[in-house]
Each structure stands twice: as C-alpha cells, then as structure tokens.
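# Fold and geometry: a report
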Amino acid sequence: MQEVQPKSRALRSLRQMTVYYNILNILGDRMKRSPRTLISLSGASEKEPEFGKARAETIKKYLVDIFGIDGSRITTEGRDKPRIPSETPGGTKELALLRAGDRRVDIESSSPELMMQVGVVLTTC
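Residues numbered from 1 in each chain as written. Predicted model: local features only at pLDDT ≥ 70, side-chain atom pairs only at ≥ 80, totals over all residues. Heavy atoms only, no water.

Let us now look at the pattern of salt bridges. Applying the stated criterion to the full structure yields eight salt bridges. Across the pair Glu108 and Arg83 runs a salt bridge whose closest N-O atoms are separated by 2.9 Å. Within this pair, whereas Glu108 is found in strand 3 (residues 105–108), its partner Arg83 is found in the loop between strand 2 (74–79) and helix 3 (95–101), the two being separated by 25 residues in sequence. Looking at Glu108, the relative accessible area reads 33%, which means it is partly exposed. For Asp106, the salt bridge is made with Arg104, and the minimal N-O distance between the two is 2.8 Å. Connected through salt bridges with shared partners, the residues Glu77, Arg79, Arg83 and Glu108 form a single ionic network. (Salt bridge = Lys/Arg side-chain N within 4 Å of Asp/Glu carboxyl O. Helix = DSSP H or I, 4+ residues; strand = E, 2+ residues; numbered from the N terminus. Buried < 20%, exposed > 50% of the residue type's maximum accessible area, 1.4 Å probe, protein only.)

Below, the structure written as structure tokens:
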C-alpha cells in the first residue's frame, strides 16, 4: 500500500483489488481463529437493494468457500446507499467518484477479535 502511485489507472485498480482481497483474507483468518465471531455485510448499489445484497453475498461466499466459515455467522443485507454514504448533502465536487465509492460492501462486527491491528497476536484463555 505504500508503493509509489502507478501512472496507469489499470495498475491502480489492480493494486486496489489486491488490498481488498488482503482485507478479506485477514478477516477470514481471524474469523476462523475465533469461531464465536459474527459479522454483518451490508452491500450498497445505487440501482436496487438487490444488487447490493448480491455484492454482500459474493463476499460471504468467498469467506465460506475459502476459509470454511459457517455461513450462519455472516448476515447480509442490500441497500441502495451505504449507512454512511461518501457523498455529503449539498456537496458539489467529485460527485461521480463519491457515488462510485458508495457501490461497496461494508463489514460490521462487535467482535473485538476482528478489530485488532494487523500484526497483533491474539491469545485465548
């Protein structure tokens, strides 16, 4: 993430996807190590909530298939906008970019094991 910014947009997008997959891999690993943790995935799409739900279901499928997480530990929902949208009321700049950023899946959990800084060793009692 600290590399020099590439001049090509295609390379930038590839780097962003790598970061996103790494975040999911950290999440999946932590959920596997802490079997009592639960998450909620909220997918947003400006089209219809069903498109947002499909985004969330894709993330759930990845965690279930790759990490063997029990699907009952992951709830999904679809929305037309995220709970905390990127665009602020009355904003006039970079609206297309902000709206594109709202097509996403937010991950929520109240499990502290999932919120630890990367590199911190988890211990169990």
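Turning our eyes to something else, we now look at the nonpolar core. General note: in soluble globular proteins, nonpolar side chains tend to be found buried as a group. By size, the foremost hydrophobic cluster in this structure holds 12 residues: Leu24, Leu27, Met31, Ile39, Leu41, Ala56, Ile59, Leu63, Phe67, Ile69, Ile74 and Leu114. Sorting the residues of this core by element identifies helix 1 (9–33), strand 1 (39–44) and helix 2 (49–67) as the ones contributing at least two each. Ranked by residue count, the leading element in this core is helix 2, at four residues. Contact partners of Met31, with chain neighbours within four places excluded, come to Thr37, Ile39, Ile69, Arg73, Ile74 and Leu114. (Core = buried A, V, L, I, M, F, W, Y, C linked by side-chain atoms within 4.5 Å. Contact = heavy atoms within 4.5 Å.)

Relative to the helices and strands, Pro85 is located in the loop between strand 2 and helix 3. Take Pro85: its relative accessible area is 32%, and that puts it in the partly exposed class. Apart from residues lying up to four places away in sequence, Pro85 is in contact with Asp102 and Arg104.

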